[in-house]
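Chains, contacts and geometry: an overview
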Amino acid sequence: MTEPARQQYGVTPPISVATPTDKEVERNQALIEELKKQGSFEGAEESQKRVIVLNTLQNLTEGFVKKVCANKGMPEHIIKNSGGKIFTYGSYRLGVYAPGSDIDTLLVTPAHITRHDFFATLPAMLQELVPPPEDLSMVPDAFVPIIKFKLQSISIDLIFARLANVNSVPKDMALSDKELLRGCDEVNLRCLNGTRVTDEILTLVPKPGVFRMALRGIKLWAQRRAIYANVMGFPGGVAWAMLVARICQLYPMAVSAVVISKFFKILAHWTWPQPVLLKGIEDGPLSVRVWNPKIYPSDRGHLMPIITPAYPSMCATHNITKSTKSIIIREMKHAAEIMDGIMVGNLSWDKLFERHSFFTNGYRYYLSVVAAAKDKDTLLGWSGLVESKLRHLVMKLEILETIKLAHPFNKGFDNVHFCETEEEAIRIANGEIKAIDNQVGVKTVVTDLKAEQNGDVERKEYESKFKVYTTTYYVGLEINTEISKHIDISWASQEFFETCKTWPSYNEDEHTIHINLTRNFELPDNVFQPDETKPVKKTKKKIIKRKPGAANGGSATKKRSADEASINDDTKRARQTPVHQQQTAQA
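Labelled according to an unreviewed UniProt entry, the chain appears under the name Poly(A) polymerase, originating from Tuber magnatum. Heading Catalytic activity (unreviewed entry) of the UniProt record for the chain holds this comment: "RNA(n) + ATP = RNA(n)-3'-adenine ribonucleotide + diphosphate". UniProt's Function (unreviewed entry) comment on the chain is quoted here verbatim: "Polymerase that creates the 3'-poly(A) tail of mRNA's."

What follows is the structure, given as structure tokens:
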């Protein structure tokens, strides 16, 4: 009697359908124990708190829809039956959220509620909640317009979508039907796709439990290696999830430990730009753009395309640059070697999750990109804009022959500087003073722009000072000294500044930005962990030589190589050059 045919997951047959060995099961149990030790799982009490918060948001959504309908003078039966629903997406919906992680939420309404209503009415209703939300901020002009806040200490990212051909959104509505997308504009499509993609991924893996545990491991690895940040040119959460899902499709019977091992072994040698697909790209009812490199030149430019499975299919990794691609592949190859040791029992799982060495042993030279403003709220918006444009600076740097690789770190560092005089504050904002370690009477305090309690402490302790808030982003540079003896980033910097200044809210009196070329031993203390060793300046030994024909005691000093001397001299000039020229050019 023949066995029933196995269901095929994905666009190709599986590589192996072998069941796990006893040794693989043992390695898998060790993985679970290590993830627990690393704090990857949230307790039942905190998870229940998330459920309560989501129920609060659902009730608020229904009240919001009713209020807007009433304000528009709609009939009672429409007010009563319009509904409205909160959906989740991202890590929470995938079931791989960690302690302290936020909840990505989507508020869906019928056609007669607009995005304007969302931003005009909902924030005030949020403030009426008991307890009220903290750190409420709105970004209506973002690529995906969003309201951010904390509710009962849980961070919420709330986006909005209206269904153009629907008059009622009941609690049991699902978003899988492509017909629901009719009449939606591009912003609504982007907002709806978060939930639709997440749901589709879970239907395309053979064993969701195996997928979730493997994804927890890959997320932790990517975060520890600082390659988890879509805005910086690395894969984001949904892209990593799709990569793990593809390996699950290729090894449908494997345990999570094997999936992780195969993940690195396969993807480290993937033939990019061949796309990663979880299923064939579908047509649909809308005249909207679907990812197709044969038609669209911009799609042909994607270096590591990972394509979303839900219609309309999009590339989740369009931000990846030449440098970040190299870094991702390098990290995957390194991880593959570690996994070989783990799977044969020579290494433990904690080796895979070791922290990156970006600052301790990464590069000799860095660019520090500093966004500054006089108050925290102003800087929140400005630093977010600078962060979103940083990959454009990376791509400009990649054009320069003298730079082999430009490696952006995946997050910024916030500081508040307390100055004795207004002149000092202005000079710091303009990048003219290194306000580190209490130099020139300036007190620099590490802060968190999104944590209000830090600001309270700062105000009490330094109430009489002039303040400047800064966020610093770092780009590690691998220099090609064989091409040129000089580092000149003035063109790339100026192009980057001009890009940032196109921000509609840019105000030259409120927002400043500058770039410094920084050597590794000049990095500030706040980028290092307590157990990390900060690089130190190497001292060159003087070599005493007798000159031909010279008297006894004559000496000569060993010279630096021309390339090293040029780089160091350029670094010195960067500190002395007016800020509208050379490396420290300022917008």
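There's more to say after this.
Tallying each qualifying case throughout the model produces 23 aromatic pairs. Between Phe-358 and Tyr-363, the ring centres sit 5.8 Å apart and the planes meet at 65°, which makes this aromatic pair edge-to-face. Taking relative accessible area as the criterion, Tyr-363 reaches 9% and is therefore assigned buried. On the basis of an interplanar angle of 65° and a centroid distance of 6.3 Å, the ring pair of Phe-359 and Phe-528 is categorised as edge-to-face. Highlighted residues: Phe-359 in the loop between helix 11 (322-343) and strand 6 (365-373) and Phe-528 in the loop between strand 11 (512-519) and helix 16 (562-576), separated in sequence by 169 residues. Across this residue pair, the class does not change: Phe-359 and Phe-528 are buried. Members of the aromatic cluster, joined through ring pairs, are Phe-358, Phe-359, Tyr-363, Tyr-366, Phe-409, Phe-413, Tyr-474 and Phe-528. A cation over a ring is seen here: Lys-178 above Tyr-311, with NZ or CZ 5.5 Å from the ring centre.

Turning to the nonpolar core, a few remarks are in order. By size, the foremost hydrophobic cluster in this structure holds 116 residues, and its most contacted members are Phe-211, Trp-221, Trp-240, Phe-264, Leu-352 and Leu-397. For this core, the two domains that each supply at least three residues are domain 1 (22-38 + 205-352) and domain 3 (365-527). Residues in contact with Phe-264, not counting those within four places in the same chain, are Ile-218, Trp-221, Met-332, Ala-335, Ala-336, Met-339 and Leu-352. In terms of nonpolar packing, the next biggest core, distinct from the first, is built from 28 residues, Phe-64, Leu-122, Ile-154 and Ile-156 among them.

If you walk across this open sheet you meet the 5 strands as 1-2-5-4-3, and the pairing is mixed. Every other strand in the sheet has two partners, leaving strand 1 (85-89) and strand 3 (134-139) as the edge strands with one partner each. If you compare each strand with its neighbour and ignore which way they point, the axes differ by 25° on average. The strands touched by helix 2 (residues 44-71) within the sheet are strand 1, strand 2 (103-109), strand 4 (146-151) and strand 5 (154-162), with strand 2 carrying the most contacts at an inclination of about 25°. Where helix 5 (residues 115-127) meets the sheet, it contacts strand 2, strand 3, strand 4 and strand 5, and its direction lies at approximately 15° from that of strand 4.

Reading the values: rules and limits
- Residues numbered from 1 in each chain as written.
- Predicted model: local features only at pLDDT ≥ 70, side-chain atom pairs only at ≥ 80, totals over all residues.
- Heavy atoms only, no water.
- UniProt positions renumbered as here; feature names shortened; annotations may be inferred.
- Phe/Tyr/Trp six-rings, centres within 6.5 Å; stacked < 30°, edge-to-face > 60°.
- Buried < 20%, exposed > 50% of the residue type's maximum accessible area, 1.4 Å probe, protein only.
- Helix = DSSP H or I, 4+ residues; strand = E, 2+ residues; numbered from the N terminus.
- Lys NZ or Arg CZ within 6 Å of the ring centre and 35° of its normal.
- Core = buried A, V, L, I, M, F, W, Y, C linked by side-chain atoms within 4.5 Å.
- Domains from an automatic or database assignment.
- Contact = heavy atoms within 4.5 Å.
- Pairing = 2+ DSSP bridges.
- Axes fitted to C-alpha atoms, helices over the stretch in contact; angles between N-to-C directions.

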